[in-house]
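Commentary on secondary and tertiary structure
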Amino acid sequence: MNSPTSPALALGVGAACALLPTGLATAWILSAQGRLEAAEASEADTPVAATAAVADEGYCTPELRKVLRRVLTSCGLVGADGAAGRGCQPADAAAVATLAGGDFNALFLPLADRAAIVQFEKNEAALGAEDSALVDKVFAERGGASWFLVVARSSPEGSVAHNRALSEQRARAITDHIHATFPDPELDQQVGLLWLGEEYAQLGADFCGWQRSGGVDACTTDDLNRSAFMAWIDCRL
Amino acid sequence: MPGTPRTWAALLALAAVAGLVFTGTSTYDFAQYLDRQVHGLHCSFLPGLGSVDVTGASGCHVTLMSPYSSVLRQALWGGIPMSLLGMGTFALLLYRALLVLLHRGGAERPALQATFALSLVPVATSIVMGVIALQVLDAACKLCIGTYGASALAFVGALGAMLSAGRPQAALDDDDADPTPAPTGALAPRLGMATVQLGIFNLLPVAAWAAMSPAHERYIGTCGELTDPADKHGVLIDLGGQGTPAVEVLDPLCPSCKGFEQRLDASGQGALLDRQLLLFPLDATCNWMVSSSLHPGACTVSEAMLCAGGDARAVLDWAFERQEEIRTATAEDPEAAARMVLAAFPQVEGCLGKPAVRSKLNQSLRWAVKNQLPVLTPQLFVDGRRVCDADTDLGLDYTLARMLAPAATEGAP
C-alpha cells in the first residue's frame, strides 16, 4: 500500500511545524518586553555599579578629618585663596591643629604602613639617593588618597629660627623632588607642607620601627627629628 | 542501504527535534537579553536539566555575545539570532520527516533528495560556526555542539532516507508487501519547493522577531557623559582610527573587555571612531575602588601598556590572548604577570613596576574618578556620551550606528 499523505494533513503538519519557532520566538520576545517595562517601572530599585571615588579609609576619624581640614585650609591647599602650596609654619601648625604635639603625632599612627620618614644629615636639607628612592616609592603608592602631607622637623641643636628655616628647607626638598620626578599641574593642590622646626610635635623613639631612610642604627630622637615625615592621606574632606 | 525511508525519516525527525531543542534554547537565552538585563545561560548538553550558568565565562556566553551569534545587527537591536534561523531549518526538516512517516509507502526519491539537500544547510552552517567558535572565539559552547551533533544526525537520516528510497517495499516489509517502487518525479521542482519552504520556515519567525522586538533606540545617550574629559596627565592611550572621538574604559584581563573589542572590530564601526583607551584594571593591587582582585595581574599588564608607548596595542592584544593564563598564574604568584610581560615585551624592563609608571596608572584611575565613572568594564564613550552597559554587547552595532549617524550626516556633502 503506497498512499500519499492527504494535502490537508500535510498542510496542517506544515503549518504546525512552521508556526512552532514563530510562536516560541514571539512568546519569548513578549516576555522580554514585559520584563523591560517592569524594570523601567521599578527603576529606582535597580542595582547600579559603584561610582569611582577617592578612598576614605577607616582611620579617617572625625578628629583626624577636623585637624586635616584645618591644616589644609590654613596651609593654602583647600579653598580659592590663591595660596596653594604656601605651607604652614610651626606657629600656624600648632594653632590650627589645636592639639598638643603628642596628640598631633598620634593622629598619624594608623598610617604606619603608608608613611615614611626621610632622615637628613645634621644641619642638612639635601636628599641623598636613598632618600630620593624612598620619596619616589611612597609617592608612587598613592592608591586612592587625596592628600600628601610632608611634615618636616629639626632636632633641637641650634637656634629656634635656624631650625624653623632648616625644617622648611627639608620640606621644600621633598616637594621639589616630587615636582621634578612626577610632573603634575595639580600637585600643589595635593601636597600639604608643614615645617615644625624644633618647637612642635617632635617624634619619639616609637617611630624607629617606621619605614625610613638613614639606616637601622641612626634612630636617636635627634636622628628621627632631622627629618621629613610624609604620607598619603586616604581621607575625604 | 539497510532500512526503509521511514526508518531513516524517524532518525531525521529525532535529529530535527534535538536540533529544535538546542537552537530553541539558544534563542531563548538570546531573547532573554532583549530586556537589557543580565541573565544566566542554559549551557548544557541537556538543556533545561542542568543548572543555569551565571558566571558569564562559559563558552556559551562567549559565543552568544560574539559578533557571529546574529545577523543584521545594525538594523535591529541584537540582530536576528543565528539560532532562530536554525529553529526554522530544523522545523522544516521535522516537517519533511513527518511527511515521510505519514506517507505509508515512504516518499518519492526526488522529495527525499530535496530533503537531503536541505539537511546540508545546518551541516554547512555548523561547520562554519564550529570553525569560528574554535579558531576565532576559542570557545566551546555546549548548546552549539549539541546543534552540530543534531545537524550531523539529520544529515545521516536524510542521506539514509534518500539512499533507501526506491527499493521494493516487499523486500523490506513482509507484513505490508507492496511490489510497487516508490514513485519518482523531477528533482528540480522538488528542490525549488524545498527552497521556498526553507524561506517560509525562516522568514516567519524572523518577521515575528523583527516586528515584536522591544524598541531600544530611546535609551541611546541616556546613560551619562564625561564631565571632565581633558587628559592633563596623558593617561589616554591612542588606539588609532579617525572619526568621532571615543574613549574605551578597559581592563586588559577582563573577558568582557576582550569580547567587547572583538565585537567593536567585527562591527566595522570601530574604524569610524578616533579611539582612545583608559586603563581601569579591576585589580586591588593598584585600584583602591575594588575590594578584591577580580583580575589578578591586570595592574601589571596595564603598567606594561603605559610603558610600551606605541606598542601598547600589541601588549593589549597579547593580554587578551592569554587572559586566563595570566590571571591564574598571578593568583598563585603575584610576580607571575611581570615575568610573563617581560618575557613577551623585554623593552618594558626598566619601566615596569617603577614609581613613574605606577603614578601614571594611578592618574588613569583618577581620570575615572574625575569623570565619576561606574566601577566596571568595559565602557564606551562616543563623543563624550556613554554607551549604556546593556548596549555594549548584543546591541553595540545598533547603538553605534545611531550614535554615529549625526557625525556621518555632518560629513556628507
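Within chain A one finds seven helices and four strands. Moving toward the C terminus, one meets the helices and strands of chain A in the order α-α-α-α-β-α-β-α-β-α-β. Considering chain A as a whole, with its 237 residues, one finds that 39% of them fall into the buried category. Contacts spanning at least 24 positions in sequence make up 78% of the contacts within chain A whose residues lie at least 6 apart.

Here we take up the packing of helix α1 (residues 7-41) of chain A against helix α6 (residues 187-212) of chain B. The contact between α1 of chain A and α6 of chain B brings their axes to 8 Å, and the two run at 15°. In terms of orientation, α1 of chain A lies roughly parallel with respect to α6 of chain B. Between α1 of chain A and α6 of chain B lies a crossing of right-handed hand. Along the contact surface, α1 of chain A presents Ala18, Pro21, Thr22, Ala25, Thr26, Ile29 and Leu30 of chain A, while α6 of chain B presents Ile200, Phe201, Leu204, Pro205, Ala208, Trp209 and Met212 of chain B. Among the residues making up the contact of α1 of chain A with α6 of chain B, the classes are represented as twelve nonpolar, two polar and no charged.

All names here are of chain B. Here five strands make up an open sheet; going across it, the order is β3-β5-β4-β6-β7 and the pairing mixed. If you trace the sheet from one side to the other, it starts and ends with β3 (237-240) and β7 (385-386), each paired once. As paired elements, strand β4 (residues 244-250) and strand β5 (residues 273-279) share seven bridges and run parallel to each other. Each residue of the ladder has a partner; that of Pro245, found in β5, is Asp274.

The next point concerns the interface of chain B and chain A. Residue-level contacts link 49 residues of chain B with 42 residues of chain A. Listed by contribution, the elements that provide at least two residues to the side of chain B that touches chain A are α1 (5-32), α3 (82-102), α6 and α12 (355-370) of chain B. When residues of the side of chain B that touches chain A are assigned to their parent elements, the largest contribution, ten residues, is made by α3 of chain B. Tallied by class, residues from the side of chain B that touches chain A come to 29 nonpolar, 13 polar and seven charged.

Residues and elements named next belong to chain B. By domain assignment, chain B separates into domain 1 (5-212) and domain 2 (237-411). Each of domain 1 and domain 2 has a C-alpha centre, and these two points are 39 Å apart. Contact residues are listed per partner, giving twelve residues for domain 1 and 13 residues for domain 2. A breakdown of the residues in the side of domain 1 that touches domain 2 according to their chemical character gives seven nonpolar, three polar and two charged.

Once that is clear, we can look at unusual backbone geometry. Residue Pro378 of chain B is bonded to the preceding Thr377 of chain B through a cis peptide linkage, with omega at -5°. Its location among the elements puts Pro378 of chain B in the loop between α12 and β6 (379-382). Phi at Asn123 of chain A is positive, roughly 60°, even though this residue is not glycine. Inspection of the secondary structure assignment puts Asn123 of chain A in the loop between β1 (116-119) and α5 (129-140). Its identity is not glycine, yet Ala201 of chain A carries a phi of approximately 55°, on the positive side. Inspection of the secondary structure assignment puts Ala201 of chain A in the loop between β3 (191-195) and α7 (221-225).

Attention now goes to the nonpolar core. Ranked by internal contacts, the top residues of the largest apolar core, which has 70 residues, are Leu12, Ala16, Ala91, Leu93, Leu94, Ala97 and Ala161 of chain B. Mapped onto this core, the elements with two or more residues apiece are α1 of chain A together with α1, α2 (59-65), α3, α4 (109-137), α5 (142-164) and α6 of chain B. With 14 residues, α3 of chain B is the largest single contributor of residues to this core. Discounting residues that sit within four places of it in the chain, Ala91 of chain B has contacts with Cys17, Ala18, Leu20 and Pro21 of chain A together with Leu20 and Phe201 of chain B. The next biggest cluster of nonpolar side chains, apart from the first, holds 56 residues, and it includes Cys254, Phe280, Trp288 and Cys307 of chain B.

Quick look at the sheet that holds β3 of chain A now. Residues and elements named next belong to chain A. Taking strand neighbours across the sheet as the criterion, the four strands line up as β1-β4-β2-β3 in an open arrangement whose pairing is mixed. Lying at the two open borders of the sheet, with one neighbouring strand each, are β1 and β3. Between one strand axis and the next, the sheet turns by 20° as a mean value, whatever way the strands run. When strand β2 (residues 147-152) meets β3, the two strands line up parallel, connected through five bridges. For Val150, the partnering residue across the bridge sits in β3 and is Leu193. Across the sheet, helix α2 (residues 62-74) lies against β2, β3 and β4 (227-233), angled at about 90° from β3, the strand it touches most.

The rules behind these values
Residues numbered from 1 in each chain as written. Chains lettered and ligands numbered in written order. Predicted model: local features only at pLDDT ≥ 70, side-chain atom pairs only at ≥ 80, totals over all residues. Helix = DSSP H or I, 4+ residues; strand = E, 2+ residues; numbered from the N terminus. Buried ≥ 20, exposed ≤ 12 C-beta atoms within 10 Å, placed from the backbone. Contact = placed C-beta atoms within 7 Å. Axes fitted to C-alpha atoms, helices over the stretch in contact; angles between N-to-C directions. Parallel < 35°, antiparallel > 145°, perpendicular 65-115°, else oblique. Left-handed = near helix turned anticlockwise from the far one by under 90°. Nonpolar A, V, L, I, M, F, W, Y, C, P; charged D, E, K, R; others polar. Pairing = 2+ DSSP bridges. Domains from an automatic or database assignment. Core = buried A, V, L, I, M, F, W, Y, C linked by C-beta atoms within 7 Å.

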